[in-house]
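# Summary of structural features
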Amino acid sequence: VGGRERFLASKETYYVINVPVPNTDPPRRRFVQLRTLEDADVAAAVHNVALQPGGRWFADVGVDDASRVECVLGEGVAETLGADAGKPRLAPGDTFVMGDMTWVVTGVMRSEGTTFGSEVWARRFSRIYEPLGKRTYTTLVLR
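## Considering the nonpolar core
In this structure, Leu-73, Phe-96, Trp-103, Val-120 and Ile-128 are the most contacted members of the largest nonpolar core, which totals 23 residues. Contributing elements (two or more residues each) for this core: strand 1 (9–21), strand 2 (28–37), strand 4 (69–73), helix 2 (75–84), strand 5 (95–98), strand 6 (101–110), strand 7 (119–123) and helix 3 (126–132). Per element, the largest residue contribution to this core is four residues, and it comes from strand 6. Setting aside its immediate chain neighbours within four residues, Leu-73 contacts Ala-78, Leu-81, Leu-90, Phe-96, Val-105, Gly-107, Val-108, Met-109, Glu-119 and Val-120.

## Topic: the pattern of salt bridges
A complete count under the given rule lists eight salt bridges for this structure. Linking Lys-87 and Asp-94 is a salt bridge whose minimum nitrogen-to-oxygen distance equals 2.6 Å.

## A closer look at the environment of Arg-127
Take Arg-127: it is sitting in helix 3. Arg-127 gets classed as partly exposed once you look at its relative accessible area, which sits at 31%. Considering only alpha carbons, one finds Arg-127 and Val-63, 64 residues apart in sequence, at a separation of 9.6 Å. Not counting residues up to four positions away in its chain, the partners in contact with Arg-127 are Val-63, Ser-67, Val-69 and Met-101. From its side chain, Arg-127 meets the backbone oxygen of Ser-67 in a polar contact 2.6 Å long.

## Some thoughts on helix 1 (residues 40–47)
Of the residues making up helix 1, those classed as buried are Ala-40, Ala-43, Ala-44, Val-46 and His-47. Projected down its long axis, helix 1 carries its buried residues within an arc of 165°, all on one side. Against strand 1, strand 2, strand 7 and strand 8 (139–142) lie the buried residues of helix 1. Put simply, Asp-39 is the residue that caps the front of helix 1, since its side-chain oxygen is 3.0 Å from the backbone nitrogen of Asp-41. After helix 1 finishes, the residue Asn-48 shows a positive phi value of roughly 60°.

## Topic: the side chain of Ser-10
Along the chain, Ser-10 turns up in strand 1. At 2.7 Å, the side chain of Ser-10 forms a polar contact with the side chain of Glu-12. With residues up to four places along the chain from it excluded, the contact list for Ser-10 reads Leu-37, Val-42, Ala-43, Val-46, Thr-139, Leu-140 and Val-141.

## Structural notes on helix 2
Glu-75, Val-77, Ala-78, Leu-81 and Gly-82 are the residues of helix 2 that are buried. Relative to the axis of helix 2, the buried residues are bounded by an arc of 160° and lie together on one face. Looking at the buried side of helix 2, the elements it contacts are strand 2, strand 4, strand 5, strand 6 and strand 7. Among the residues trailing helix 2, Gly-86 stands out with phi positive, at a value near 75°.

Rules behind the numbers
Residues numbered from 1 in each chain as written. Predicted model: local features only at pLDDT ≥ 70, side-chain atom pairs only at ≥ 80, totals over all residues. Heavy atoms only, no water. Core = buried A, V, L, I, M, F, W, Y, C linked by side-chain atoms within 4.5 Å. Buried < 20%, exposed > 50% of the residue type's maximum accessible area, 1.4 Å probe, protein only. Helix = DSSP H or I, 4+ residues; strand = E, 2+ residues; numbered from the N terminus. Contact = heavy atoms within 4.5 Å. Salt bridge = Lys/Arg side-chain N within 4 Å of Asp/Glu carboxyl O. Polar contact = N/O pair within 3.5 Å; in protein donor to acceptor, adjacent residues only side chain to side chain. Arc of directions from axis to C-beta.

Listed below in structure tokens is the structure:
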């Protein structure tokens with residue numbers, strides 16, 4: 001900006017959630033990585049991550065009009081969760097259940113070749129951190 005450097009900081013909380021895999025016999029479980037953020041635009045800049053066309057970052061309130069938790073998925077987890085729903089991958093508007101909450105996808109990250117491909121990103125707010133048990137930040141990422 002005007003030749004000046006800009007420093008960014010993203011406050012985040014990282015979770016690994018053990019969730020049931022739908023429609024398995026015998027029942028199976030998997031780990032899903034969740035990263036909750038204070039500011040999606042800052043986190044995207046800090047981590048150098050963009051969304052695929054047709055998606056958007058989750059709203060500041062963290063939920064949609066139906067009270068579903070809004071999230072952005074990495075490409076890998078979009079495929080994994082899509083297979084559960086009988087689709088090649090989840091896309092904006094699709095929903096899934098994790099941690100006794102219904103989540104709605106607002107975007108999919110361009111994450112090929114990065115660790116973000118296996119992550120779910122969402123707004124950090126009490127509806128997530130209260131039941132999952134992390135009231136404090138786990139990470140401060142600087143750029």
